[in-house]
Amino acid sequence: MSTTLLGTEPPGQADTDLKRDTPFTLVLGGGGMKGLAHVGVIQAFLERGHRPTRIIGSSVGALVGAAWAGGMGIAKLREIALSLSRKEVFAVAHADMAFKRMRSPALFKREPLEHLIARTVGDLTFGQLDPPVIVNTVDLNSGMQVFWGLPGLDDIRVADAVFASCALPGYFPPHEIGGRFYVDGAVVSNVPYDAARALGPELIVAVDVSASSVLTADAQDEGFAGVFARATEILMTTLLEQRVRTWTTPPVYYIQPRVEHVTMFSFDHLREEVEEGYRATSAALDRAAEWPEPGDSGIYPKRRVLVRVERERCIGCGSCLVHGPWSTARKACSCWIQTGKRW
């Protein structure tokens, strides 16, 4: 029986879990309110006896990771997540919008988010976090990605780095740190597992709550904020897909809680999001055979996918042929090109 990455169970039991002493970096992506799923993700890992070596977070992923690493228990985190109200996070900056108009710094005021971060993270410094947390941001004027918490970038308040990481452009104002202005690192990398590669060869577990490639309905009717949010999600997913295609080592195990039906600013599914994060992580830990072994490369789990196109809904765009291997798409797609004609 294997004694490498996937541990062994007592005689008579199958391998059903990740080996408890396997070091891994936990990467928590952004996604607005959908990111509350990260509370359930951390809960599932801890209940199985798994503790990450470090956390790398974007936006709400940085907030949840920093709150837990700063000493807030999962029970308290769940309580806060399940009781959040819109006014505790989003308050429209009516005065700025009315008087500054196009020069308004953002759609929402900074104060509610600052209060939430103070409530969960307080005045902690990076040296007080256990495990260490690295916060993904972008310098707005230089475009450079900045990871707070790395050596030389760990002498600021965690709360400042977290606010900057949550400052999605257009929604929250850029956050000033040391005379420079920073925004959400998701504009470059929403699930920044590429940053973990520079920190060591250990396994990376990446949690993506965006799932924005899933077909939505009537996004055009959600107003300019909803349209911009949807466009931002599409951009983030496109950037992520480019990294996935070329990734080699260290191996990444990818967890995707099924919260794609929830919008970034919805407060109607808080319990569902937390519980889905827990369910998705528990299910991943139960499937030991899908986890990478030492020396493996690429993105996991690796599963066969069958693509089916409903003939009555096909518009003849050819995307199934472009995005899938020819042989697979040809067999699965009902509209594959034949002698220059469809069907």
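Within each chain, residue numbers correspond to sequence positions counted from 1 in written order. Whole-chain, interface and lining totals are the exception, using all residues; otherwise, since this is a predicted model, local features are given only for residues with pLDDT of at least 70 and side-chain atom pairs are given and counted only at 80 or more. Water and hydrogen atoms were dropped before computing side-chain values, which therefore reflect all heavy atoms in the structure.

J.: Pulling in residues and values, what's your account of the overall build of the protein?
T.: The helix and strand inventory of the protein stands at eleven helices and eleven strands. For the exposure calls, accessible area comes from a 1.4 Å probe over protein chains only, and a residue counts as buried if that area is under 20% of its type's maximum, exposed if over 50%, partly exposed in between. Burial status across the protein gives 50% buried among its 343 residues. Here, two residues are considered to be in contact whenever any of their heavy atoms come within 4.5 Å of each other. Considering only intrachain contacts with a sequence separation of at least 6, the fraction spanning at least 24 residues in the protein is 72%. Surface summary for the protein: the accessible area is close to 17000 Å², and the carbon and sulfur share equals 55%. A helix here means a DSSP run of H or I that spans at least four residues, while a strand means a run of E at least two residues long, and both kinds are numbered starting from the N terminus. Computed with the Shrake-Rupley method and a 1.4 Å probe, the accessible areas treat only the protein chains shown as cover for residues.

J.: So what about the packing of aromatic side chains? Which residues, and what values?
T.: Between the rings of Phe, Tyr and Trp (Trp by its six-membered ring), a pair exists once the centres lie within 6.5 Å; its type follows the angle of the planes, with under 30 degrees stacked, over 60 edge-to-face, and the other angles tilted. Overall, the coordinates contain 13 aromatic pairs when judged by the stated rule. Taken together, a centroid distance of 6.4 Å and an interplanar angle of 70° make the contact between phenylalanine 163 and phenylalanine 172 edge-to-face. The exposure classification of phenylalanine 163 matches that of phenylalanine 172, with both residues buried. For the ring pair tyrosine 253 and tryptophan 291, a centre distance of 3.8 Å and an interplane angle of 5° mean the geometry is stacked. Of this pair, tyrosine 253 sits in strand β8 (residues 252-255) while tryptophan 291 sits in the loop between α9 (270-286) and β9 (299-300), and the two are 38 residues apart along the sequence. Exposure class is identical for tyrosine 253 and tryptophan 291. Each is buried.

J.: Can you break down the nonpolar core residue by residue, with the values?
T.: Grouped together as the largest cluster of nonpolar side chains are 71 residues, with contacts concentrated most on Leu26, Leu84 and Trp148. Take this core: its biggest share by element is eight residues, from helix α2 (residues 60-69). Nine residue types can take part in a nonpolar core, namely buried Ala, Val, Leu, Ile, Met, Phe, Trp, Tyr and Cys, and a core is a set of them joined through side-chain atoms within 4.5 Å. Among the nonpolar cores identified, the runner-up in size contains 15 residues, and Tyr193, Ala196, Val252 and Tyr254 belong to it.

J.: Account for unusual backbone geometry, naming residues and giving values.
T.: Cis peptide bonds are those with omega within 30 degrees of zero, and the linkage from aspartate 130 to proline 131 qualifies with 5°. In this structure, the amide linkage connecting threonine 249 to the following residue, proline 250, adopts the cis form with an omega of -10°. Considering the arrangement of structural elements, one finds proline 250 in the loop between α8 (223-246) and β8. In this model, serine 59 sits at a positive phi of 55°, which is unusual for a non-glycine residue. With respect to the secondary-structure elements, serine 59 resides in the loop between β2 (54-58) and α2.

J.: Quick one: what's the story with the confidence of the model for the protein, residue by residue and with numbers?
T.: Per-residue confidence for the protein gives a mean pLDDT of 83, with 82% of residues at or over 70. The quantity called pLDDT is the predictor's confidence in a given residue, expressed from 0 to 100. In the model, residues 1-15 has pLDDT below 50 throughout and makes 32 contacts with residues more than four positions away in sequence or in other chains. Scored below 50 in pLDDT, residues 326-343 shows 30 contacts in the model against residues more than four places distant or in partner chains.

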